[in-house]
Amino acid sequence: MAVAADSAADQDPNPVPDEAAGESVEAPAYPDHGEPNADAADVEYEDEEEELDGEAAEAAAREKVEAVFRRLSEDPVGIRVHDVIIKGNTKTRDALIEAEVVGLIRSAATVQDLVRTASVANARLRRLDVFDSVHILLDAGPPELPGTTNVVIEVVEAANPINGSVGCFSKPEARSWTVEGSVRWKNIFGYGDIWDASGAYGWDQSSEIGIGVSLPRFRSIPTPLTARASLLSHDWLKFSSYKERLVGLSFGLLSGVHHDLSYNLTWRTLTDPSQEASQSIRRQLGHNLLSALRYTYTIDQRDSNLRPTKGYAFVSTSQVGGLWGSKGLRFFRQEFDIRGAVPLGFYNAALNAGISAGVIVPLGRGFMESPSSVPDRFFLGGHSSPVISLGSLTSLLGFKTRGVGPTELRRFVPSESVTDESAASPGWDYLGGDFAVSAFADLSFNLPLKLFQDAGIHGHAFLTAGNLAKLSEGEFRNFSFSKFGRTLRSSAGVGIILPTKLLRVEINYCHILKQFEHDRGKTGIQFSFSSPM
């Protein structure tokens, strides 16, 4: 006889540990080794129940369930898993389910451990995203093998293996809109494989088309694998006088809670339709093959991605480009991001603070005299929230996209359609930096109205700062940390945050504290739409 753990948890003053709470996991009810056979006791109990009816039968069943859970909560009860039975998988292969959970389940030595591991196994199977529901039953083993159990895993495969989404997103700092859509096919071949096709079109800025597949595991490889082909185009004419087109393949080689390793092979094309690019940009126009290995290490102990009130996070990203020796695209790029949140104990207030830094170095003979690739450099600016932009060294509130750092005068192209006065200043190209640092402090707090508190709408005050510097082409000789610190750009402000399930919407008043010539900072009201990284 087996009883449901979650149904009795509310009645027992000493329930099974929390790991099993809320999961569809059932626990066996039978004595430990050396005691009478559990099935015989069950039969005897069922015979007694036949003589009872109504409330008496219900009370007897409830008493036996409570007795089982009292025993489980007092002392460890030894057990051995005899068999794992899988039901309901008409398309999904048994080998996938077994590889995900069987080893974990068989490692349990007590009933308490088995309930906990069954709860973890339930979560693992749900994480595959190919089942509508997962139920795990712990039933009595064969009568001739006392102290054993059979674990029954019953799954319900997704009724609709195809789903999709479409949305329209605004980027106020770039004055552009983007339409994005995606379609996903689940478990086509029964290996937990998920195929997806996505597309995005941004007016006057970027577009993307991609198709990919992910596998939770392949043969004996215990980590998920992904592959993706994509076509992307970015329009940076307004900022840096070039358009970028990328045709590439990416492969996820290692993916876990803390580690992520991927390989990217990309054919990159830079063009300048305006014929106004500065000399530094013109030198990098044309075609290049980028072969890069990227490794990311992540620790995130924050209590929320959208509104952290306690915890810390750390991200380290290392990238080596030019593995095939492509001229001009051989580089090493390293980024660090560390941040923390501290609760203040009033109005649900919390102080978030963080600092990010990154450096890119060309590789090869005479590397410090060589230029780094402009698209791979660091750029600061834009209205994305620094609080939730974990691992992204870009945010600097109050400054426009690519609105900070080294610049170079664009090429002067005479034209009869413009006057001499307007042609006298062709504009500036933002070149990015080889070394970048950004930091922020953000104080969030509840607003006094209960209506706002119930909706999660809250206020914040913030301070951001950042800077870029060029190190390549011999510029490292002119670099000093004191000068770098004196030229930090900074801003401060207050705002209201409207959180949603997918986005963090901010309405901020930003005041520029420090900026320099050619920086594109502006004091005033700004809107921000950010999603967690």
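Everything numeric here is computed off the predicted structure, so don't read it as measured data. (Residues numbered from 1 in each chain as written. Predicted model: local features only at pLDDT ≥ 70, side-chain atom pairs only at ≥ 80, totals over all residues. Heavy atoms only, no water.)

A. Summary view of the overall build of the protein chain. Looking only at helices and strands, the protein chain has 10 helices and 23 strands in total. With 533 residues in all, the protein chain has 43% of them scored as buried. Considering only contacts in the protein chain between residues 6 or more positions apart, those separated by 24 or more positions represent 59%. Of the accessible surface of the protein chain, which amounts to about 27,200 Å², a share of 58% is contributed by carbon and sulfur atoms. (Helix = DSSP H or I, 4+ residues; strand = E, 2+ residues; numbered from the N terminus. Buried < 20%, exposed > 50% of the residue type's maximum accessible area, 1.4 Å probe, protein only. Contact = heavy atoms within 4.5 Å. Areas by Shrake-Rupley, 256 points an atom, 1.4 Å probe, with all protein chains shown as cover.)

B. Local environment of helix α5 (residues 111–127). Taking 1.5 Å as the rise per residue, α5 with 17 residues should run 24 Å; its terminal C-alpha atoms sit 24 Å apart, in good agreement. Along α5, the residues classified as buried are V111, Q112, L114, V115, T117, A118, S119, A121, N122 and L125. Directly after α5, the chain includes D129, whose backbone phi takes a positive value near 65 degrees. (Expected span 1.5 Å × (residues − 1).)

C. Molecular detail of the confidence of the model for the protein chain. On average, residues of the protein chain score 82 in pLDDT, and 83% of them reach the 70 mark or higher. Overall, residues 29–50 carries pLDDT values under 50, and its contacts beyond four positions in sequence, including any with other chains, amount to 34 contacts. (pLDDT = per-residue confidence, 0-100.)

D. Molecular detail of the pairing of strand β20 (residues 458–469). Burial runs high along β20: nine of the 12 residues are buried. Here strand β19 (residues 435–446) pairs with β20 via 12 bridges, running antiparallel. By the bridge assignment for β20, N446 is matched with H458. Alignment of β20 against strand β21 (residues 489–499), held across nine bridges, turns out to be antiparallel. Bridge pairing links G459 to I496 in β21. (Pairing = 2+ DSSP bridges.)

E. Up close: the environment of E517. Summarising the element assignment, E517 is placed in the loop between β22 (504–514) and β23 (524–530). Put simply, E517 and G405 are 112 residues apart on the chain and 9.7 Å apart in space, counted from C-alpha to C-alpha.

F. Representation of the pattern of salt bridges. Tallied over the full model, the rule gives 17 salt bridges. As a salt-bridge pair, D113 and R116 come within 2.5 Å of each other at their nearest N and O atoms. Separated by three residues within a single helix, D113 and R116 lie in helix α5, roughly one turn from each other. Assessed through its relative accessible area of 27%, R116 is described here as partly exposed. R268 is the salt-bridge partner of E244, the closest N and O atoms lying 3.4 Å from each other. Placement of the pair is E244 in strand β11 (residues 243–255) and R268 in strand β12 (residues 259–271), with a sequence separation of 24 residues. Judged by its relative accessible area of 8%, E244 falls in the buried class. Beyond isolated ion pairs, a larger network of salt bridges with shared partners links D129, R184 and K186. (Salt bridge = Lys/Arg side-chain N within 4 Å of Asp/Glu carboxyl O.)

G. Expanded view of the side chain of S280. By the element assignment, S280 lies in helix α7 (residues 279–282). Filtering out sequence-adjacent residues up to four positions away, S280 remains in contact with E408 and L431.

H. Region of the structure containing the packing of aromatic side chains. Per the counting criterion, the structure on display carries eight aromatic pairs. Where F189 meets W195, the ring centres are 6.3 Å apart and the plane angle is 65 degrees; that geometry is what we call edge-to-face. Ring centres 5.0 Å apart and planes at 80 degrees place the aromatic pair F479 and F481 in the edge-to-face group. Through successive ring pairs, a cluster of aromatic residues spans F435, F479, F481 and F484. (Phe/Tyr/Trp six-rings, centres within 6.5 Å; stacked < 30°, edge-to-face > 60°.)

I. Just the nonpolar core, in detail. Of all hydrophobic cores here, the largest spans 26 residues; its most connected members are I105, L114, L125, F131, I136, V151 and I153. Counting residues per element, the ones that place at least two in this core are β3 (80–87), α4 (94–106), α5, β4 (131–140) and β5 (148–157). Considering every element that reaches this core, the biggest residue donor is α5, with six residues. Once you skip the residues sitting within four places of it in the chain, I105 turns out to touch V81, V84, L114, T117, A121, V151 and I153. In this structure, L290, I360, F399 and A436 belong to the second largest nonpolar core, which totals 14 residues. (Core = buried A, V, L, I, M, F, W, Y, C linked by side-chain atoms within 4.5 Å.)

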